[in-house]
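Residue-level structural notes
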Amino acid sequence: MIETKNVNFYYGSFHAIKNVNMKMKSNSAIALIGPSGCGKSTFLRLFNRMNDEIPGAKLEGECWINGKDIYTKHTQVDMLRKNVGMVFQKPNPFPKSIFENVAYGLKVNGIKDRAFITKKVEESLTAAALWDEVKYKLNKSAFELSGGQQQRLCIARALAVSPSILLMDEPASALDPISTAKIEELIHVLKQQYTIVIVTHNMQQAARVSDKTAFFMYGELVEYSDTKKMFLAPEKEETQNYITGRFG
């Protein structure tokens, strides 16, 4: 589903990602861990080309999704971003109703069939475990929702356009423990249908939600393996030191 080949990434002269080779299976959750500034969020944003907007940013190597190199000149970036949804660290609902937040991507993509949009909104809110909480107030402002509900709304908004991949950049770091638990439960359900790549600073969260874990340090991929193996018997001393809190 996702593969990087000899990927190097630069912000001007700063070498942020160093020769990373990785394969990620479809219908699984992959956690990216490592100390602040290690390159994990930069690496995550490669897959929907969000780094393209940064002046001086440069990629070397290849990023493949579904058998296609997404950095060729023939890539339609808008279509790529439809296929690769993104959920950010802080909930970022639009200043619209709950319904219109979820329907937004469908309408932007030219869908006008009201019945189809209504069906997709309900399906997406259900998939994001939010439907039962909002079904009687779809016309209310999204800002009336709690922080945890807003984050699940943002997940529903991403799901509405039928992506195959969902990128999550610390999706629970701004949430309370109960909302965090709901997001983690949601990841377990969603990975049956989607490939989920999640950046997290929370070791316990990575252990709970992911099938495989990648440990980054100074822009390098230090270790990448099954999550259980990574946390119980890491191969590299650097990984062991990070997981046990000796640094980072």
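Scoring rules and cut-offs
- Residues numbered from 1 in each chain as written.
- Predicted model: local features only at pLDDT ≥ 70, side-chain atom pairs only at ≥ 80, totals over all residues.
- Heavy atoms only, no water.
- Core = buried A, V, L, I, M, F, W, Y, C linked by side-chain atoms within 4.5 Å.
- Buried < 20%, exposed > 50% of the residue type's maximum accessible area, 1.4 Å probe, protein only.
- Axes fitted to C-alpha atoms, helices over the stretch in contact; angles between N-to-C directions.
- Helix = DSSP H or I, 4+ residues; strand = E, 2+ residues; numbered from the N terminus.
- Left-handed = near helix turned anticlockwise from the far one by under 90°.
- Contact = heavy atoms within 4.5 Å.
- Nonpolar A, V, L, I, M, F, W, Y, C, P; charged D, E, K, R; others polar.
- Pairing = 2+ DSSP bridges.
- Right-handed = clockwise from strand over helix to strand, strands pointing away.
- Parallel < 35°, antiparallel > 145°, perpendicular 65-115°, else oblique.
- Expected span 1.5 Å × (residues − 1).
- Arc of directions from axis to C-beta.

The next subject is the nonpolar core. Formed by 45 residues in total, the largest nonpolar core has its most connected members in Leu-125, Ile-155 and Leu-166. The next biggest cluster of nonpolar side chains, apart from the first, holds 28 residues, and it includes Val-7, Phe-9, Met-24 and Val-197.

Their axes nearest at 7 Å, the elements helix H3 (residues 98-108) and helix H6 (residues 147-159) cross at an angle of 35°. Two packed elements cross with a definite hand, and for H3 against H6 that hand is right-handed. Judged by residue contacts, Ile-98, Asn-101 and Val-102 of H3 engage Leu-153, Ala-156 and Arg-157 from H6. Considered class by class, the residues forming the contact of H3 with H6 number four nonpolar, one polar and one charged.

As a further point, take the side chain of Ser-225. Within the secondary structure layout, Ser-225 lies in strand S10 (residues 220-226). A residue is classified by how much of its surface remains accessible, and Ser-225, at 9% relative accessible area, is buried. Among residues more than four places away in sequence, those in contact with Ser-225 are Lys-212, Thr-213 and Met-230.

What follows deals with the pairing of strand S8 (residues 195-199). When you tally the buried positions in S8, you get five out of five residues, the bulk of the element. The two faces of S8 match: Thr-195, Val-197 and Val-199 on one face and Ile-196 and Ile-198 on the other face are all buried. Bridge count between strand S3 (residues 29-33) and S8: four bridges; the pairing is parallel. Directly across from Ile-30, in S8, lies its bridge partner Val-197. With five bridges joining them, strand S7 (residues 165-169) and S8 adopt parallel strand pairing. From the neighbouring strand, Met-168 faces S8, where its bridge partner is Ile-198. Remark: the S7/helix H7 (residues 177-190)/S8 crossover connection has right-handed handedness.

Contact geometry of helix H4 (residues 114-127) with H6 gives a least axis separation of 8 Å together with a crossing angle of 130°. Considered as vectors, H4 and H6 are oriented oblique to each other. Like other packed secondary-structure pairs, H4 and H6 cross with a definite hand, here right-handed. Here Ser-124, Leu-125 and Ala-127 of H4 lie close against H6, whose contacting residues are Leu-153, Ala-156 and Leu-159. Split by residue class, the contact of H4 with H6 holds five nonpolar, one polar and no charged.

For H7, with 14 residues, the first-to-last C-alpha span of 20 Å sits near the 20 Å given by 1.5 Å per residue. When we look at burial in H7, the residues that qualify are Ser-179, Thr-180, Ile-183, Glu-184, Leu-186, Ile-187 and Leu-190. Taken down its axis, H7 places every buried residue within 155° of arc, on the same side. Away from its buried face, by an angle of more than 90 degrees, H7 presents the exposed residues Pro-177, Ile-178 and Glu-185.

This brings us to H6. Under the 1.5 Å per step criterion, the end-to-end length of H6 is 19 Å for 13 residues, consistent within 8% with the ideal 18 Å. Residues of H6 that are buried include every one of Gly-148, Gln-149, Gln-150, Gln-151, Arg-152, Leu-153, Cys-154, Ile-155, Ala-156, Arg-157, Ala-158 and Leu-159, and no others. Where H6 is buried, its residues touch strand S6 (84-87), H3, H4, helix H5 (131-134), S7 and H7.

Note that Lys-58 resides in strand S4 (residues 57-65). Look at Lys-58 and you get partly exposed, because its relative accessible area is 43%. The spatial distance from the C-alpha of Lys-58 to the C-alpha of Tyr-11 is 6.6 Å, given a sequence separation of 47 residues. For Lys-58, the residues in contact, after removing those within four places along its chain, are Asn-8, Phe-9 and Tyr-10.

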